[in-house]
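Summary of structural features
As a plain string of letters, each chain reads:
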Amino acid sequence: MQRLAFSTIPCAGWALEDMAAAAKKDGFRGLELREGDAWSIHTGMTPDQRKHALQVVKEAGLTITDIGSGVCFTGSEGDAEQLRHFKEVARLAQDLEARGVRVFLGYFTNRIDQPVPDISYPALVDLLRQACDYAAAYGVQLWIETHNEFSTGRILRKLLDDVSRDNCMVIYDVIHPLEEGEDPAETVALLGSQCVHVHIKDGVPAEDPMATNWKYTKVGEGQIPISSIVALLEQSGYAGYYSLEWETKWRSELQVPGMEPDVIFPHYVAYMHNLFKSLESRV
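Residues numbered from 1 in each chain as written. Predicted model: local features only at pLDDT ≥ 70, side-chain atom pairs only at ≥ 80, totals over all residues. Heavy atoms only, no water.

Summed over the entire model, instances satisfying the criterion amount to zero disulfides. Distance from the sulfur of Cys132, which forms no disulfide, to the nearest cysteine sulfur (Cys168) is 4.1 Å. The class for Cys132 is buried, based on a relative accessible area of 0%. Free cysteine Cys195: the closest other cysteine sulfur is in Cys168, separated by 13 Å. Relative accessible area serves as the criterion here: at 9%, Cys195 is assigned to the buried category. (Disulfide = S-S within 2.5 Å. Buried < 20%, exposed > 50% of the residue type's maximum accessible area, 1.4 Å probe, protein only.)

Below you can see the structure in the form of structure tokens.
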């Protein structure tokens, strides 16, 4: 399987050389670089540092799939600063030969009854058009992750149509549409060719019915129908990476023995190789 990647979220504090070495050792072909000082990749990098980073990844035989920014647009006044940072990340993405820049939309919540501000939809559409147009000048795409108020294909289909930019794409994070009750077949069909990257993870519904987030598990040990999702994607013509997003930094259930990257990375590769062998045997 040539299209496995991982997000460097669990590699905070590592040197990029160590991230690349781990990816090569475990059989990955792509790196999804989380942007920020803690991950060795950030907008303050000098031109020489950017060239060195790209060289490190290429020498390991890897591709940088995208830059995982923390940019989050909400259609509010705060978007001006978020757009400024997005532009810096877009320039970084060009220098690192990354295809896209991941962004979030909306507000992060932990509970269904948690109040959040209203989102100005027209302002958000206008802002995304500006961001896409800027990124296009650098040969970079804007990748919206299925998250928050924009977790589902139903919501994103309208937004993508209204933004109407060729470089406005989607990262399909497989857990969040399910948290909103959307069937994977519907998500895949609605996102269509604008689904260019996939975050693989697994989990189970939270015990608290008011919780917005499922509890994460090792891949293959939860209730995400990963095999069915991958089959749907492959049948749809999806040709992007399947990237493990292991959110150690934000998920307490992953901050326990047995959940470290040196355990989880090879486990994920083995799981996905077996999954694809199973799918191929059905053809």
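Note that soluble globular proteins tend to have their nonpolar side chains buried in a common cluster. Membership of the largest hydrophobic core comes to 84 residues, with the highest contact counts inside it found for Phe73, Phe86 and Tyr242. Apart from the residues within four sequence positions on either side, Phe86 is in contact with Val71, Phe73, Val101, Val103, Ala131, Ala135 and Leu142. (Core = buried A, V, L, I, M, F, W, Y, C linked by side-chain atoms within 4.5 Å. Contact = heavy atoms within 4.5 Å.)

So, about the pattern of salt bridges. Tallied over the entire structure, the rule returns 17 salt bridges. Between Glu247 and Arg251 there is a salt bridge whose closest N-O contact spans 3.3 Å. Note on Arg251: relative accessible area 11%, which makes it buried. Ionic contacts of the salt-bridge type, sharing partners, join the residues Arg102, Glu145, Asp173, Lys201, Glu245, Glu247 and Arg251 into one network. (Salt bridge = Lys/Arg side-chain N within 4 Å of Asp/Glu carboxyl O.)

Another aspect to go through is unusual backbone geometry. For Glu97, which is not glycine, the phi torsion reads 60° and is therefore positive. Relative to the elements of secondary structure, Glu97 occurs in the loop between α3 (79–95) and β4 (100–105). Residue Glu97 is classed as partly exposed on the basis of its relative accessible area of 47%. Positive phi, close to 55°, is recorded for Ser164, a residue that is not glycine. (Helix = DSSP H or I, 4+ residues; strand = E, 2+ residues; numbered from the N terminus.)

Before going further, it helps to spend a moment on the sheet that holds strand β10 (residues 242–244). Sheet architecture is closed into a barrel: eight strands sit in the order β1-β2-β3-β4-β5-β6-β7-β10, paired in parallel fashion. Pairs of neighbouring strands in the sheet enclose a mean axial angle of 30°, with direction left out of account. For strand β5 (residues 141–145) and strand β6 (residues 168–173), the ladder comprises four bridges, and the chain directions are parallel. Each residue of the ladder has a partner; that of Leu142, found in β6, is Cys168. Those strands touched by helix α9 (residues 261–282) are β1 (4–7), β7 (195–200) and β10, and its axis lies near 150° from that of β10. (Pairing = 2+ DSSP bridges. Axes fitted to C-alpha atoms, helices over the stretch in contact; angles between N-to-C directions.)

This paragraph deals with the pairing of β6. Counting buried positions along β6 yields six of six residues, so the element is predominantly enclosed. Residues Cys168, Val170 and Tyr172 line one face of β6 and the alternating positions Met169, Ile171 and Asp173 line the opposite face, and both faces are buried. Chirality of the crossover, the property in question, places the unit of β5, helix α5 (residues 153–163) and β6 among those that are right-handed. (Right-handed = clockwise from strand over helix to strand, strands pointing away.)

Once that is clear, we can look at the packing of aromatic side chains. For the structure on display, the rule yields eight aromatic pairs. Consider the rings of Phe6 and Phe28, whose centres lie 4.9 Å apart with planes at 80°: the pair is edge-to-face. Separated by 22 residues along the polypeptide, Phe6 in strand β1 and Phe28 in the loop between α1 (16–26) and β2 (30–34) bring together distant segments of the chain. Overall, the relative accessible area of 0% leaves Phe6 in the buried class. (Phe/Tyr/Trp six-rings, centres within 6.5 Å; stacked < 30°, edge-to-face > 60°.)

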